[in-house]
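Notes for the structure review
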Amino acid sequence: RVVTGTVQGVVRESCSENGGERGERVTGLIVDGEEVAADVCVFAMGPWTCLIEDWFEDLTLPMQGICSTSVVYRAAAAVDAFALFCGEDELGCNLEVYPRAASAEHEVYVCGVG
């Protein structure tokens, strides 16, 4: 079953390990307010994975997500494969430019952070 929506939390239940130690295990997810049962949960959220810190006590992930804009331009002709990193402007924005030399359409990827 494929469920599309926004995960808002996890459903847990108490369990005991082989050594008698008590703990919890994830038995499902809360998706758009609805509980969805699951045998296994994989959190593959890229830079947004740190959002699951709110769902598990004492969990700290060494990453954070940032908001940025990405645009792909089509150049009139091939562009050499050199990356361009622009310094921060007065608003705190940084631009990065990556020509895609292997692209038949002469694509240039630009992203801005800030």
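Here the structure is a predicted model, which is why all the values come from computation and not from measurement. (Residues numbered from 1 in each chain as written. Predicted model: local features only at pLDDT ≥ 70, side-chain atom pairs only at ≥ 80, totals over all residues. Heavy atoms only, no water.)

This next bit is on the environment of V71. In this structure, V71 sits in strand β4 (residues 68–74). Since its relative accessible area comes to 32%, V71 is described here as partly exposed. C-alpha separation for the pair V71 and A102, spaced 31 residues apart in sequence, amounts to 17 Å. (Helix = DSSP H or I, 4+ residues; strand = E, 2+ residues; numbered from the N terminus. Buried < 20%, exposed > 50% of the residue type's maximum accessible area, 1.4 Å probe, protein only.)

The next subject is the pattern of salt bridges. Inspection of the entire model under this criterion finds four salt bridges. In this structure, R25 and E13 form a salt bridge, with 3.1 Å as the shortest nitrogen-oxygen distance. Note that R25 is positioned in strand β2 (residues 22–31) and E13 in strand β1 (residues 7–16), a separation of twelve residues in sequence. On the basis of relative accessible area, R25 is assigned to the partly exposed category, the value being 40%. Note that R100 is salt-bridged to E107, the shortest N-O span being 3.3 Å. (Salt bridge = Lys/Arg side-chain N within 4 Å of Asp/Glu carboxyl O.)

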